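# Inside the fold
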Amino acid sequence: MSFRSFLKECIMRFFIIATCVGIASALVGPVLMPGKVLDFSAFFSPPIAALLSTLPSFVLYSRKELTLKQTIARKVLHLLMLEALLTVVAWLFQNVSTLVETLLFMAMVLVIYIAVVLISLWLQSKDARQINEGLKALQNQK
């Protein structure tokens, strides 16, 4: 994979993560922080979380094609890095304080991770389908 296409994928992932974090915050926020009133600065939370979540993506970059085992190992490492980074940041900013809150937060990170992977796969398969249709059209012209 070229570095340019990797960056393009990271940017796409950033926006998917920001959207998922916004939705997850709206759904889980009242459970973790009942009665909390947010101000306009709360709108910065999803993009900041998306930026933090995109940084460890560099563990997924490789110039050469990876084997299935290598890809799975890197995805697992990536997930563990994300869980650790985001949980530590949430703990430092006192968004989680108890074990139950921490586990719920980590589950939310996992769900968002799975959603981002599925959405990315769907978008990539859509691109692949369009490319294949274009190739078929070119073959039929000959």
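So, here's what we can say about the structure.

How each quantity is defined
- Counting restarts for each chain: residues are numbered from 1 in the order of the written sequence.
- Selection of residues for local features in this predicted model requires a pLDDT of at least 70, selection of side-chain atom pairs for listing and counting requires 80 or more, and totals for whole chains, interfaces and linings are taken over all residues.
- Water and hydrogen atoms were dropped before computing side-chain values, which therefore reflect all heavy atoms in the structure.
- The term nonpolar core refers to a set of buried residues drawn from Ala, Val, Leu, Ile, Met, Phe, Trp, Tyr and Cys, joined through side-chain atoms within 4.5 Å.
- Using a 1.4 Å probe on the protein chains alone, a residue whose accessible area is under 20% of its type maximum counts as buried, one over 50% counts as exposed, and one in between counts as partly exposed.
- Elements are defined by DSSP. Helices are runs of H or I of four residues or more, strands are runs of E of two residues or more, and each kind is numbered from the N terminus.
- To get an axis, fit a line to the C-alpha atoms, keeping to the stretch in contact for a helix; angles then go from 0 to 180 degrees between the N-to-C directions.
- What sets the label is the angle itself: under 35 degrees gives roughly parallel, over 145 gives roughly antiparallel, 65 to 115 gives roughly perpendicular, and the rest give oblique.
- Note on convention: near helix rotated counterclockwise from far helix by under a right angle means a left-handed crossing. Clockwise means right-handed.
- Here, residues are in contact when the closest pair of their heavy atoms is within 4.5 Å.
- Think of it as three bins: nonpolar holds Ala, Val, Leu, Ile, Met, Phe, Trp, Tyr, Cys and Pro, charged holds Asp, Glu, Lys and Arg, and polar takes everything else, Gly as well.

## A word on the nonpolar core
Judged by nonpolar contacts, the single largest core of 21 residues is most densely connected at Phe105, Met108, Ile112 and Val116. If you list the elements that add at least two residues to this core, you get α1 (3-32), α2 (45-54), α3 (68-92) and α4 (99-141). Tallying contributions element by element places α1 first for this core, with 8 residues.

## A short note on unusual backbone geometry
Look at Gln94: it is not a glycine, yet its phi comes out positive at around 60 degrees. Here Gln94 lies in the loop between α3 and α4. A residue is classified by how much of its surface remains accessible, and Gln94, at 67% relative accessible area, is exposed.

## As for the packing of α3 against α4
Running from N to C, α3 and α4 point in directions that differ by 140 degrees, and their axes come no closer than 10 Å. By the angle class used here, α3 and α4 are oblique. Considering the relative orientation of α3 and α4, their crossing is right-handed. Here Lys75, His78, Leu79, Leu82, Glu83, Leu86, Thr87 and Ala90 of α3 come into contact with α4, specifically with Thr102, Phe105, Met106, Val109, Leu110 and Tyr113. Partitioning the contact of α3 with α4 into residue classes produces 9 nonpolar, 3 polar and 2 charged.

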